[in-house]
Amino acid sequence: MSEKLTLSVIKADVGGFVGHSGVHVKLLERAEEMLSRSDRRHLLVDHCVAHVGDDVNLIMTHDRGVDDREIHHLAWETFEACTEVAKELKLYGAGQDLLSDAFSGNVRGMGPGVAEMEFVERKSEPVVVFMADKTEPGAWNYPIYKIFADPFNTAGLVIDPKMHRGFRFEVHDLIDAKKVSFVAPEELYDLLVFIGAPGRYCVKSVYSRELGEIAATSSTQRLNLMAGRYVGKDDPVLVVRCQSGMPAVGEVLEPFSRPHLVSGWMRGSHVGPLMPVGVADSAPTRFDGPPRVVALGFQISGGRLVGPQDFFADVAFDEARRTANQLADYLRGLGPFEPHRLHLEEMEYTTLPDVMQRLAKRFKPVEEEEDWSEESKIDA
Ligand code: F6R
Ligand code: MG
Ligand code: MG
């Protein structure tokens, strides 16, 4: 094994149980089988098959670097094998993130989500893998900002000499496929101009300025413009290294105690609170939601994934769940009105073009004289 270790998290929705809510245990078993198969073992140092909502997440360690063909192929084959099981059980949207048979209403072809980082394993290497369902990569912007740039969240920014110089943020423009980086604290306000718009600008990675090392990375990927709207809101993952010059585990979890609003609820077209939950509570139910986030902690030891620790199962997040439920109640009351429903350009589903086409002739210039009072009268 070379000196550097790679941590790869690759996820896909290859079939929901039931509807778009959860993952069937047989899919998880198949994924486990695939990753453990002896002929594959030499590729990986260790792996953990995890899930959130209807997504299967493959957490893998190896020494092959990021974007490695073999590792990606292994993940792809694993998802294909899971798709076979999903098809057998007629799970919903079987293979939807690869090739689809069942209609899901989304334009497909975005493929699995990927978050990978390469680093030299420290004396002790605690990491947290966040996995979210029913939302988009920009959902991480707010917690990433809080973790790495907000001293009210992260005490270490003020009192840990190894964190005091701050962090560098790599930000991607998902629409123009461009990237830029900002350093905090000096460029906080410039950074916020962009990442406050999470539907377009996403934090891809964060680097420690003191250590000159990667601290976090997400599964941010480019959005596709199809049929006049952006698609590819992809239930995202985020990996964060913790402690000893990186934020403490508790500082990394802290932003989720105040559920923020994210896009992607029901039909990828609604805003809802991101509810932190333990794995056992991660299947979205109400209105296909509310959007969920799970946090799995691992100690990495010689590449082995020692864990996971299911952080959000803790009672300390009960109040956050209550807040999320209250926010969900309030937002649901708005029904089809914005801001519960997303702006037209951001919706994954929209009947607007069809309705518009059907009604096109009924639209008249506003200046045109028209008296609808007679027409409005209902004939007895
Ligand atoms: C949201 C999501 C679900 C589906 C909804 C309709 O990201 O996946 O809310 O959009 O259940 O699904 P279809 O169109 O497949 O019937
Ligand atoms: Mg699904
Ligand atoms: Mg999903």
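This is a predicted model, so every value here is computed, not measured.

Describing the coordination of the magnesium ion (ligand 3)
Around the magnesium ion (ligand 3), the protein supplies Asp 54 (OD), Asp 55 (OD), Asp 133 (OD) and Asp 235 (OD) as donor atoms, at distances of 2.0 to 2.6 Å. Of note, the donors binding the magnesium ion (ligand 3) are all from one chain and are spaced D-D-x77-D-x101-D. The distance between the magnesium ion (ligand 3) and the magnesium ion (ligand 2) is 4.7 Å, with Asp 54 acting as a donor to both metals. Given the relative accessible area of 0%, Asp 55 is considered buried.

So, the coordination of the magnesium ion (ligand 2)
Binding of the magnesium ion (ligand 2) to the protein goes through Asp 13 (OD), His 20 (ND1) and Asp 54 (OD), at separations of 2.0 to 2.3 Å. Positions of the donor residues of the magnesium ion (ligand 2) along the chain correspond to the pattern D-x6-H-x33-D. Under the relative-accessibility criterion, Asp 54 is labelled buried at 1%.

Structural notes on helix α9 (residues 318–332)
Residues three or four positions apart in an α-helix share a direction because the helix packs 3.6 residues into each turn. The terminal C-alpha atoms of α9, which comprises 15 residues, lie 21 Å apart, in line with the 21 Å expected from a rise of 1.5 Å per residue. Turning to α9, its buried residues number three or more, namely Ala 320, Arg 321, Ala 324, Ala 328 and Leu 331. Across the axial projection of α9, the buried residues extend over an arc of 100°, all falling on one side. Of the exposed residues in α9, those oriented more than 90 degrees away from the buried face are Gln 326 and Tyr 330. Buried positions along α9 lie against β13 (261–264), α8 (265–268), β14 (270–273) and β15 (275–276).

Describing the environment of Phe 312
You can see Phe 312 is positioned in the loop between β17 (304–310) and α9. For the pair Phe 312 and Gly 111, spaced 201 residues apart in sequence, the C-alpha to C-alpha distance is 28 Å. With sequence-adjacent residues up to four places away left out, Phe 312 is seen in contact with Phe 130, Leu 253, Phe 256, Pro 276, Val 277, Gly 278, Val 293, Val 294, Ala 295, Phe 317 and Arg 321.

Looking at the domain arrangement of the protein chain
One can read the domain layout of the protein chain as domain 1 (1–115) and domain 2 (121–364). If you average the C-alpha positions of domain 1 and of domain 2, the two centres end up 21 Å apart. Taken together, the contact pairs 31 residues of domain 1 with 37 residues of domain 2. Interface area for domain 1 against domain 2, summed over the two sides, is near 2,600 Å², with a carbon-plus-sulfur share of 65%.

Brief notes about the side chain of His 62
Checked against the element boundaries, His 62 lands in strand β3 (residues 55–62). When sequence neighbours within four positions are dropped, the list of residues in contact with His 62 reads Leu 5, Thr 6, Ser 8, Leu 43, Leu 44, Val 45, Ile 71 and Glu 116.

Here we look at the pattern of salt bridges
Using the criterion set out here, one finds 18 salt bridges in the structure. With its nearest N and O atoms 3.2 Å apart, the salt bridge here joins Arg 200 to Asp 176. Placement of the pair is Arg 200 in the loop between α6 (188–195) and β8 (201–208) and Asp 176 in the loop between β6 (167–173) and β7 (178–184), with a sequence separation of 24 residues. Taking the relative accessible area as the measure of exposure, Arg 200 reaches 27% and is therefore partly exposed.

Rules behind the numbers
- Residues numbered from 1 in each chain as written.
- Chains lettered and ligands numbered in written order.
- Predicted model: local features only at pLDDT ≥ 70, side-chain atom pairs only at ≥ 80, totals over all residues.
- Heavy atoms only, no water.
- Donors = N, O, S within 2.8 Å, 3.2 Å for Na, K, Ca; no water.
- Buried < 20%, exposed > 50% of the residue type's maximum accessible area, 1.4 Å probe, protein only.
- Helix = DSSP H or I, 4+ residues; strand = E, 2+ residues; numbered from the N terminus.
- Expected span 1.5 Å × (residues − 1).
- Arc of directions from axis to C-beta.
- Contact = heavy atoms within 4.5 Å.
- Domains from an automatic or database assignment.
- Buried area = accessible area lost by both parts, 1.4 Å probe.
- Salt bridge = Lys/Arg side-chain N within 4 Å of Asp/Glu carboxyl O.

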